[in-house]
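Structural description and commentary
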Amino acid sequence: MAKYKIAWLPGDGVGIDVTDAAKIVLDRIGLDAEYIHGDIGWEFWRTEGEALPQRTLAMMKGTDCAFFGAITSKGKDVADKELVPELQGKGYSYRSPIVRMRQLLDLYICLRPCKAYPGNPLNYKDGIDLVVFRENTEGMYIGVEYDKVPEEFYAVKGMDKIPRHAAVSFRAITPEGSERIVRAAFEYAAQHDRKKVTAVHKANVLRQTDGVFMEAARKVAAEFPGIAFDNANIDAMGMWLLKNPFNYDVIVTTNLFGDIISDLCAQMVGGLGFGCSGNIGKEYAVFEPTHGSAPKYAGQYKVNPIATILAAKMMLDWLGEGDKAAQIEGAVAAVLAEGQVRTYDMGGADSTLDMAKAIAAKL
Ligand code: IPM
Ligand code: MG
């Protein structure tokens, strides 16, 4: 029996291209794993009314962790129209599978390291090395939304300020949810010799929700006197990160702000071809590239697989295979430093699989 069981969830679009590429590298490094394919993606929304079928969730329960590619999602109108006729008008509504996995499996950490590898022509500045900790289960992502204000809300003081026809979305932040993500960020900083944690918020406007987040952040920070702690507003952070990325080290923030800031950080180290994610809970984790399914490139084996290969590296770290993880990172760094093999985003003409093979060849 293999040492690990990994749920293999390529999804659709370029999710298939990039997971094929990551598999070349995982096979080469000789990870003793059984990979179990799981159905997930747009096709299952169309034909079953659920992009993440129950059978896939059930299969995942018997695995150590999951590896996810990408899936296509479309706006509400298009999604409804693309459902097979038998399912139309039956009340199905599209839900993002990755958001569901994060919530159902309580994968509360979204870990997004963003490192500028020397030789990457897309680096915004050489030497950038940031790590984003995004809270992954609450905030603006709880999915409590209304297309107009429910009548019973008007019983609550202050709600009469909101016009009845307004669409509303709730943002919920708990002290526990905030504490555990901030603690994860500080523990990571302590383990990886990082000097500073910056909490990002908008507490001057979102006084209640970000008040809770910042109170928890200060409390946890006090437990780590050896690590510097500061904070910044999300808007200012958008400027400061560009102005001086070297002032930051580990960034911790709530769900939506983390979504935004992690794309900014990814762009500073080469764009979405380099952004990797770990969605990590107490017992389970799902690793994925940060990018989407890029349908226009689907099946062309053109996109950069490095984000996905670095997600595989993160998975190995999480499984306790630190040596293999370090080897993969070293191989990625070597290929980037040599600059011989480059995908189109890097100004080259090499394919997704050429890049994967070049990385595998360094192992
Ligand atoms: C991400 C993505 C997702 C998110 C989408 C696909 C729902 O942008 O992982 O950052 O918003 O979390
Ligand atoms: Mg995002």
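Above this text is the structure in question.
Let us look at the structure shown here. (Residues numbered from 1 in each chain as written. Chains lettered and ligands numbered in written order. Predicted model: local features only at pLDDT ≥ 70, side-chain atom pairs only at ≥ 80, totals over all residues. Heavy atoms only, no water.)

Overview of the site of ligand 1
Surveying the vicinity of ligand 1 reveals the residues S96, V99, R102, R112, R134, Y141 and D259. Residue R112 places a side-chain N or O atom 2.7 Å away from an oxygen atom belonging to ligand 1. R134 has a polar side-chain atom sitting 2.8 Å from an oxygen atom of ligand 1. Out of a free accessible area of 320 Å², ligand 1 has 69% covered by protein chains. When its residues are assigned to classes, the shell around ligand 1 shows two nonpolar, one polar and four charged. (Near = heavy atom within 4 Å. Polar contact = N/O pair within 3.5 Å; in protein donor to acceptor, adjacent residues only side chain to side chain. Areas by Shrake-Rupley, 256 points an atom, 1.4 Å probe, with all protein chains shown as cover. Nonpolar A, V, L, I, M, F, W, Y, C, P; charged D, E, K, R; others polar.)

Notes on the sheet that holds strand 4 (residues 109-115)
Read across the open sheet, the ten strands follow the order 2-1-3-12-11-4-5-10-8-9; overall the sheet is mixed. Either end of the sheet is taken by a strand with one partner, and the two such strands are strand 2 (33-37) and strand 9 (228-233). Adjacent strand axes in the sheet meet at a mean angle of 20 degrees, parallel and antiparallel pairs treated alike. Direction of pairing for strand 11 (residues 276-280) relative to strand 12 (residues 285-289): antiparallel, over a ladder of five bridges. Across the sheet, residue C276 finds its bridge partner in strand 12, namely P289. (Pairing = 2+ DSSP bridges. Helix = DSSP H or I, 4+ residues; strand = E, 2+ residues; numbered from the N terminus. Axes fitted to C-alpha atoms, helices over the stretch in contact; angles between N-to-C directions.)

Here we look at the nonpolar core
Note that soluble globular proteins tend to have their nonpolar side chains buried in a common cluster. Core analysis: the biggest nonpolar cluster contains 64 residues, and I6, L31, F67, F133, F287 and I359 have the highest contact counts within it. No other element matches helix 10 (residues 306-319), which puts nine residues into this core. Leave out the neighbours within four places in its chain, and F67 touches I6, A7, W8, L9, T19, A22, F287, T308, A311, A312 and M315. Among the nonpolar cores identified, the runner-up in size contains 24 residues, and L52, A66, M101 and L107 belong to it. (Core = buried A, V, L, I, M, F, W, Y, C linked by side-chain atoms within 4.5 Å. Buried < 20%, exposed > 50% of the residue type's maximum accessible area, 1.4 Å probe, protein only. Contact = heavy atoms within 4.5 Å.)

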